[in-house]
Amino acid sequence: MKRALMAAALLAASSFVATAEAADDAALIKSAESAAPAAVASGAAIHAMDEKGTMRTVREGTSGFWCMPDNPVTPGPDPMCGDANAMEWAMAWIQKKEPPKGKIGFLYMLAGGTDASNTDPYATKPEEGNNWVETGPHVMIVNAMDMMQGYPTDPKPDTSKPYVMWAGTPYAHLMIPVK
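## Comments concerning the packing of aromatic side chains
Link 1 in the chain: If you walk through the whole model with that rule in mind, you get five aromatic pairs.
Link 2 in the chain: Centroid distance Trp93 to Trp166: 5.1 Å. Interplanar angle 40°. Geometry classified as tilted. Here Trp93, found in helix H3 (residues 84-94), pairs with Trp166, found in the loop between strand S9 (163-165) and strand S10 (173-177); they are 73 residues apart in sequence, far enough to count as distant.
Link 3 in the chain: With relative accessibility at 6%, the residue Trp166 sits in the buried group.
Link 4 in the chain: Taking the centre distance of 5.0 Å and the plane angle of 85° together, the rings of Phe106 and Tyr108 count as edge-to-face.
Link 5 in the chain: Here Phe106 falls in the partly exposed class, since its relative accessible area comes to 27%.
Link 6 in the chain: One aromatic cluster is present, built from ring pairs that chain together Trp89, Trp93 and Trp166.
Link 7 in the chain: Here the basic side chain of Lys96 rests over the ring of Tyr122, its NZ or CZ set 4.6 Å away from the ring centre.

## Section: the sheet that holds strand S3 (residues 66-68)
Link 1 in the chain: Reading across from one edge, S2-S1-S3-S4-S5-S8-S10-S9 is the order of the eight strands in this open sheet, with mixed pairing throughout. Edge positions in the sheet fall to strand S2 (55-59) and S9, since each of these pairs with one other strand and no more. Neighbour-to-neighbour, the strand axes of the sheet open up by a mean angle of 30°, direction not taken into account.
Link 2 in the chain: Pairing analysis gives two bridges linking strand S1 (residues 45-49) to S3, with the strands arranged parallel. Each bridged residue has a counterpart across the sheet, and for Ala45 the counterpart in S3 is Trp66.

## Some details on the side chain of Arg59
Link 1 in the chain: The topology assignment puts Arg59 in strand S2.
Link 2 in the chain: In terms of polar contacts, Arg59 uses its side chain to reach the side chain of Glu33, at 2.8 Å.
Link 3 in the chain: At 2.9 Å, the side chain of Arg59 and the backbone oxygen of Ala41 are in polar contact.
Link 4 in the chain: If near-sequence neighbours (up to four positions away) are discounted, Arg59 is found in contact with Ile29, Glu33, Ala41, Ser42, Gly43, Ala44, Ala45 and Ile46.

## Remarks on the state of the cysteines
Here, the word disulfide means a covalent bond between the sulfur atoms of two cysteines.
Link 1 in the chain: Applying the stated criterion across every chain yields a total of one disulfide.
Link 2 in the chain: The residue that forms a disulfide with Cys67 is Cys81, at a sulfur-sulfur distance of 1.9 Å. Taking the sign of the S-S torsion, 105° for the link of Cys67 and Cys81, the bridge is right-handed. One end of the pair, Cys67, is in strand S3; the other, Cys81, is in strand S4 (residues 80-82), and 14 residues separate them in sequence.
Link 3 in the chain: Relative accessible area serves as the criterion here: at 0%, Cys67 is assigned to the buried category.

## Topic: the pairing of S1
Link 1 in the chain: With respect to burial, S1 is a largely interior element, four of its five residues being buried.
Link 2 in the chain: Direction of pairing for S1 relative to S2: antiparallel, over a ladder of four bridges. Looking at the pairing, Met49 lines up with Met55 of S2.

Criteria and thresholds
- Residues numbered from 1 in each chain as written.
- Predicted model: local features only at pLDDT ≥ 70, side-chain atom pairs only at ≥ 80, totals over all residues.
- Heavy atoms only, no water.
- Phe/Tyr/Trp six-rings, centres within 6.5 Å; stacked < 30°, edge-to-face > 60°.
- Helix = DSSP H or I, 4+ residues; strand = E, 2+ residues; numbered from the N terminus.
- Buried < 20%, exposed > 50% of the residue type's maximum accessible area, 1.4 Å probe, protein only.
- Lys NZ or Arg CZ within 6 Å of the ring centre and 35° of its normal.
- Pairing = 2+ DSSP bridges.
- Axes fitted to C-alpha atoms, helices over the stretch in contact; angles between N-to-C directions.
- Polar contact = N/O pair within 3.5 Å; in protein donor to acceptor, adjacent residues only side chain to side chain.
- Contact = heavy atoms within 4.5 Å.
- Disulfide = S-S within 2.5 Å.

Just geometry here; none of it tells us what the structure is for.
Following this line, the structure appears as structure tokens:
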């Protein structure tokens, strides 16, 4: 009888954990999908990063796009969706490596972007001289250095118009507001 009760308790506990994980995954998916139009997000792979920077696939995709949910430790919303080239660019940025050559990427951040430094790709908070900006809903073209000629590269840009973020770094990209 004790074994049966113990087995039932373990089964109930594992069911509770599985249900909690499914609820957490559902919230991650909802957050991630808010970054792009439904036609893109619904078939996108969903990846979430833990506090150590380890990537986990929450949902396999069918569209060639990927999405990531909001990062809860950043000050504002930052879910994003992009194509395969944008993922390679993002992973190079995260890992502080050179972006892939000849692969222009496209990213959606329709829920807005967390506040960030416009000049330092690795700044984590506003500090003297790092030109913190607030961005609303936007899309980004990444890894297209030659295509950004003529767009403003000001350290303190007008974020209501297209501009280059992180100018002068290997991670410079074109920010295009959508509202």
